[in-house]
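# Understanding the architecture of this molecule
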Amino acid sequence: MAILVLGGAGYIGSHTVYELIDTGTEVVIADNLETGHREAVHPKAKFYQGDIRDRAFIDSVFDNEKIDGVIHFAANSLVGESMTNPLKYYDNNLCGTKVLLESMVAHDIDKIVFSSTAATYGEPERVPILETDRTEPTNCYGETKLSMEKMFKWTGLAHGLRFVSLRYFNACGAHVSGTIGEAHKPESHLIPLILQVPNGQRAFISIFGDDYATKDGTCIRDYIHVTDLAQAHILAMDYLMNGGESNIFNLGNGVGFTVKEVINTAREVTGHPIPAKTAPRRAGDPAQLIASSDKARSVLGWNPQHADLKEIMETAWNWHKNHPNGFAK
């Protein structure tokens, strides 16, 4: 039996595949390579190129492989783009998941782990955020992810599907081997953007707002190393394999770092001054987003091993300095 990883050529998906392979698990990947990279595919994984919106394609994967469970990363995930092109997000994220679930039901595959997001919460009512807190997304990306969670819920009630939804915060870092890492075009995540400065790809890093009600005026976010996220997906699948009921878990370190703290850590790791300039606040940026992951720790046994910001930055820099253009040659 094998685990099917949808979006397994993407950032978090590829790291999850590497961790699964390390446990001796047989892995099948399906990815349309819209944002994923063929070079990120583990050589021991079986790879199918195709789109989950294509019922014939996803049926063929289930027909050809003995799949025991699905880990679902296949979604568009740029907040800004979701606001200017919302129908793209409804088409890929929701229609793709609908087709996937139809095929899973037809093939009697009843276990799925879903890559969700803290964006399902919108503006937090409190910090740290709990799984029981109100969900009112402030962008279309978060809205589609929340709708996907509800699709799993109702499909479960009708057809016996069991799911785990993992709502996580700022994924960061790279594989300790330096073999794979973060490579987005365009790049929108803070740490790789900062590291473009010592790589000579930008002159400075912009700080969007320095007048928030935080210790240094800049936004606070919860950063989780991508390998720790990967481990959580594996633990979630184990939980379902062992008969666990459908559930939702936050994934975070429970500790927040300000934008200035992240920049200062990058300066320390790279030895580069990394000039920073203050820019106006971005609309919809909450002052702080920090997760409570107590539930994931107690129920799944999740214990992040790479929570130190300096270690996270070191793995990211090891990747970016050696791959300044990502997977491009």
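Before reading on, note that the structure itself is shown above.
### Topic: helix α2 (residues 55-64)
Every buried residue belonging to α2 is among Phe 57, Ile 58, Asp 59, Val 61 and Phe 62, and all of these are buried. Turning to α2, the residues buried within the fold contact β1 (2-6), β2 (26-31), β3 (46-49), β4 (67-72) and α4 (86-106). Of the residues that open α2, the one with a side-chain oxygen 3.1 Å from the backbone nitrogen of Ala 56 is Asp 54.

### Things to note about the sheet that holds strand β14 (residues 288-289)
Read from one edge of the open sheet, three strands run β12-β9-β14, paired in mixed fashion. The sheet terminates laterally at β12 (257-258) and β14, the two strands that pair on one side only. Alignment of strand β9 (residues 220-221) against β14, held across two bridges, turns out to be parallel. Its bridge partner being in β14, Ile 220 is matched across the sheet by Gln 288.

### Regarding the packing of helix α1 (residues 11-22) against helix α7 (residues 226-241)
Where α1 meets α7, the closest approach of the two axes is 8 Å, and the angle between their N-to-C directions is 65°. Helix-helix and strand crossings are classified by hand; for α1 and α7 the assignment is right-handed. Contact with α1, carried on its side by Tyr 11, Ile 12, His 15, Thr 16, Glu 19 and Leu 20, involves Val 226, Thr 227, Leu 229, Ala 230, Gln 231, His 233 and Ile 234 of α7 and no other residues of that element. Each residue belonging to the contact of α1 with α7 can be placed in one class, and the counts come to seven nonpolar, five polar and one charged.

### Observations regarding the packing of helix α8 (residues 259-270) against helix α10 (residues 309-322)
For any two helices packed against each other, the geometry is given by the interaxial angle and the distance between the axes. The N-to-C vectors of α8 and α10 enclose an angle of 60°; their axes lie 9 Å apart at closest approach. In terms of orientation, α8 lies oblique with respect to α10. As for the relative orientation of α8 and α10, their crossing is right-handed in sense. Here Glu 261, Val 262, Thr 265, Ala 266, Glu 268, Val 269 and Thr 270 of α8 lie close against α10, whose contacting residues are Leu 309, Lys 310, Met 313, Glu 314 and Trp 317. Class assignment of the residues belonging to the contact of α8 with α10 gives a composition of six nonpolar, two polar and four charged.

### Brief notes about the packing of aromatic side chains
In total, this model carries four aromatic pairs according to the counting rule given. Plain terms: the ring middles of Trp 319 and Phe 327 are 5.0 Å apart, the flat faces sit at 50° to each other, and that makes the pair tilted. Taking the relative accessible area as the measure of exposure, Phe 327 reaches 10% and is therefore buried. Members of the aromatic cluster, joined through ring pairs, are Phe 114, Phe 152 and Phe 163. The side chain of Lys 277 reaches across the aromatic face of Phe 204, ending 4.3 Å from its centre. Positioned above the aromatic ring of Tyr 212, the side-chain terminus of Arg 281 is 3.8 Å from the ring centre.

What counts and how
Residues numbered from 1 in each chain as written. Predicted model: local features only at pLDDT ≥ 70, side-chain atom pairs only at ≥ 80, totals over all residues. Heavy atoms only, no water. Buried < 20%, exposed > 50% of the residue type's maximum accessible area, 1.4 Å probe, protein only. Helix = DSSP H or I, 4+ residues; strand = E, 2+ residues; numbered from the N terminus. Contact = heavy atoms within 4.5 Å. Polar contact = N/O pair within 3.5 Å; in protein donor to acceptor, adjacent residues only side chain to side chain. Pairing = 2+ DSSP bridges. Axes fitted to C-alpha atoms, helices over the stretch in contact; angles between N-to-C directions. Left-handed = near helix turned anticlockwise from the far one by under 90°. Nonpolar A, V, L, I, M, F, W, Y, C, P; charged D, E, K, R; others polar. Parallel < 35°, antiparallel > 145°, perpendicular 65-115°, else oblique. Phe/Tyr/Trp six-rings, centres within 6.5 Å; stacked < 30°, edge-to-face > 60°. Lys NZ or Arg CZ within 6 Å of the ring centre and 35° of its normal.

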